[in-house]
Amino acid sequence: MDTQLFKKDFISTQDWSVDELWTMLEAALKLKADFAMGVPQDHILRAKTLYMLFFEESTRTRNSFETGMTQLGGHAIFLTPKATQIDHGENAKDTGLVLGSYGNAIAVRDCRTGIGQRYLYQMAKHSPVPIYSMQEDVDHPCQAMADLMTLVERFGRDLRGRKFVVSWTHAPKYVRPLSVPQSLVMLMPRFGMDVTLAYPEGYHLMPEIMETARNNAEIAGVKFEESNDMDAAFEDADFLYPKSWGPIMVTEDEAEVEAMAAKHEDWCVTQRHMDLAKKHAVYMHCMPIDRGHEADNDVIDGPQSLIYQQAENRLHVQKALMALTMGGRW
Ligand code: CP
């Protein structure tokens with residue numbers, strides 16, 4: 001366990017060692033248990049401030065960060081480009097330096113393709129306080145950590161040898177970023193899981209992320225495979241994470257996106273797909289889900305689904321992240 005995390009940015013799980021990530025997980029499990037037992041937590045970040053800058057909308061991320069700060073005794077401030085001088089051209093350095101001189105951390109969601117993650121690293125270069133990714137164009141580290149915590153709770157700390165499938169699913173129109181599948185294929189091999197990535201032609205992930213995922217798998221001594229066949233990918237899987245993402249590496253043109261997606265309406269998870277996996281297999285999704293397109297309601301609301309536990313765990317991992325990096329007093 002590595003506990004030297006004060007002021008550490010969290011923009012990608014790649015920037016944290018496995019030991020450091022375990023520290024976050026253990027802290028999250030403790031905070032969750034303590035909260036359930038009514039152990040007071042509002043001294044941990046008393047009088048500390050988190051700025052939350054959203055370039056895009058959110059249900060889970062905004063409310064879990066804001067609630068987390070309240071539970072730890074601090075305060076969270078919701079910002080958008082329009083509500084600040086960012087819309088008038090103020091850059092990441094100036095915004096990060098000024099907010100960092102008032103508060104204790106800055107969290108940013110910026111999914112602009114080719115811009116988002118670079119904006120966060122630019123801010124981190126100058127800001128005196130830690131910068132957190134609340135999802136950008138490349139990564140969604142808080143989501144991936146909440147997903148990992150959910151698996152640890154259900155299956156224990158030793159996940160070696162488990163087959164984790166990240167699969168594309170159909171969803172009309174809306175071009176979702178690549179950040180969730182990319183965060184998963186990078187993180188899960190580091191915790192011993194064999195990862196299979198399934199997608200139809202045209203929906204590949206960023207080449208540099210694939211290289212990182214392959215390297216992570218090689219270092220961990222686990223498998224990393226790709227498939228264009230959803231059924232084959234699901235066979236004998238332990239963990240199923242089917243979700244849609246846009247063909248961003250090919251096109252963002254709305255008409256082309258729609259035409260491409262329409263060819264793959266059969267990439268919708270049904271109980272037949274779930275039955276291809278192991279008996280104890282679980283269905284996972286970061287939400288929001290496009291019901292009836294990404295998966296049938298029977299699967300989403302069925303006994304194998306962990307989606308609400310994943311959503312809840314966003315709160316606990318983010319509380320752990322904030323307490324560890326903002327100098328929380330336990
Ligand atoms: N999973 C997730 O990040 O949800 P929101 O977009 O609602 O924050």
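Keep in mind it's a predicted model, so treat the numbers as computed, not measured.

K.L.:
Quick one: what's the story with the domain arrangement of the protein chain, residue by residue and with numbers?
P.N.:
Entries for the protein chain in the domain assignment read domain 1 (13-140 + 314-325) and domain 2 (141-310). Every contact between the two is made by 29 residues of domain 1 and, on the other side, 31 residues of domain 2. Carbon and sulfur atoms make up 64% of the area that domain 1 and domain 2 hide from each other, which totals about 2,600 Å². Where domain 1 packs against domain 2, one counts 2 salt bridges. Here Lys-32 and Glu-153 are joined by a salt bridge, their closest N and O atoms 2.8 Å apart. Those elements giving two or more residues to the side of domain 1 that touches domain 2 turn out to be helix H1 (18-36), helix H2 (60-71), strand E4 (131-136) and helix H12 (307-325). Considering every element that reaches the side of domain 1 that touches domain 2, the biggest residue donor is H1, with 9 residues. Split by residue class, the side of domain 1 that touches domain 2 holds 13 nonpolar, 9 polar and 7 charged.

K.L.:
Quick one: what's the story with a nonpolar patch on the surface, residue by residue and with numbers?
P.N.:
A cluster of nonpolar side chains, contributed by Leu-97, Val-98 and Tyr-102, occupies part of the molecular surface with about 290 Å² of accessible area. Note that Leu-97 resides in helix H3 (residues 92-102).

K.L.:
Talk me through the site of the ligand; I want residue IDs and the actual numbers.
P.N.:
In the neighbourhood of the ligand, the contacting residues comprise Ser-58, Thr-59, Arg-60, Thr-61, Arg-109, His-140, Gln-143, Cys-286, Met-287 and Arg-314. Met-287 places a polar main-chain atom, nitrogen or oxygen, 2.9 Å from a nitrogen atom of the ligand. Within the side chain of Arg-314, one N or O atom sits 3.2 Å away from an oxygen atom of the ligand. Protein chains shield 92% of the accessible area of the ligand, which is 260 Å² for the free molecule. The class makeup of the residues in the shell around the ligand is 2 nonpolar, 5 polar and 3 charged. Residue assignment places the shell around the ligand across two domains, with domain 1 (13-140 + 314-325) and domain 2 (141-310) each supplying three or more.

K.L.:
Describe the sheet that holds strand E6 (residues 194-198), naming the residues involved and giving the relevant values.
P.N.:
The 5 strands are arranged E7-E6-E5-E8-E9 in an open sheet whose pairing can be described as parallel. Edge positions in the open sheet fall to strand E7 (224-227) and strand E9 (282-283), since each of these has one partner strand only. By the bridge criterion, 4 bridges tie E6 to E7 in an arrangement that is parallel. Note that in E7 the partner of Ala-198 across the bridge is Ser-227. On top of the sheet, helix H7 (residues 207-220) reaches E6 and E7; it is set at about 135 degrees to E7, its chief contact.

K.L.:
Can you lay out the sheet that holds strand E3 (residues 105-110) for me, pointing to particular residues and giving the numbers?
P.N.:
If you trace the 4 strands from one edge of the open sheet to the other, you get E2-E1-E3-E4, paired in parallel fashion. Looking at which strands have only one partner, the edges of the open sheet turn out to be strand E2 (75-79) and E4. Each strand axis lies, on average, 15 degrees off the axis of its neighbour in the sheet, ignoring direction. Sheet analysis places E3 next to E4, joined by 4 bridges and oriented parallel. From the neighbouring strand, Ala-107 faces E4, where its bridge partner is Tyr-132. Against the sheet, H3 makes contact with strand E1 (49-54), E2 and E3, and its axis sits at roughly 140 degrees relative to E3, the strand it touches most.

K.L.:
Mind laying out helix H4 (residues 116-126), listing which residues take part and the relevant values?
P.N.:
Gly-116, Gln-117, Tyr-119, Leu-120, Met-123 and Ala-124 are the residues of H4 that are buried. Projected onto a plane normal to the axis of H4, the buried residues spread over an arc of 155 degrees and lie on a single side. Summarising the geometry of H4, the exposed residues directed more than 90 degrees from the buried face are Arg-118 and Lys-125. On its buried face, H4 is in contact with E1, H3, E3 and E4.

K.L.:
So what's going on with the packing of H3 against H4? Which residues, and what values?
P.N.:
Taken N-terminus to C-terminus, the directions of H3 and H4 make an angle of 50 degrees; their axes are 8 Å apart at the nearest point. Overall, the two elements H3 and H4 adopt an arrangement that is oblique. Our pair here, H3 against H4, has a crossing hand that is right-handed. Residue-level contacts link Ala-92, Lys-93, Thr-95, Gly-96 and Leu-97 of H3 to Tyr-119, Gln-122, Met-123 and His-126 of H4. Partitioned by chemical class, the residues of the contact of H3 with H4 number 4 nonpolar, 4 polar and 1 charged.

Calculation criteria
- Residues numbered from 1 in each chain as written.
- Predicted model: local features only at pLDDT ≥ 70, side-chain atom pairs only at ≥ 80, totals over all residues.
- Heavy atoms only, no water.
- Domains from an automatic or database assignment.
- Contact = heavy atoms within 4.5 Å.
- Buried area = accessible area lost by both parts, 1.4 Å probe.
- Salt bridge = Lys/Arg side-chain N within 4 Å of Asp/Glu carboxyl O.
- Helix = DSSP H or I, 4+ residues; strand = E, 2+ residues; numbered from the N terminus.
- Nonpolar A, V, L, I, M, F, W, Y, C, P; charged D, E, K, R; others polar.
- Patch = residues over 30% accessible without salt bridge, like charges linked within 9 Å, V, L, I, M, F, W, Y side chains within 5 Å.
- Areas by Shrake-Rupley, 256 points an atom, 1.4 Å probe, with all protein chains shown as cover.
- Near = heavy atom within 4 Å.
- Polar contact = N/O pair within 3.5 Å; in protein donor to acceptor, adjacent residues only side chain to side chain.
- Pairing = 2+ DSSP bridges.
- Axes fitted to C-alpha atoms, helices over the stretch in contact; angles between N-to-C directions.
- Buried < 20%, exposed > 50% of the residue type's maximum accessible area, 1.4 Å probe, protein only.
- Arc of directions from axis to C-beta.
- Parallel < 35°, antiparallel > 145°, perpendicular 65-115°, else oblique.
- Left-handed = near helix turned anticlockwise from the far one by under 90°.

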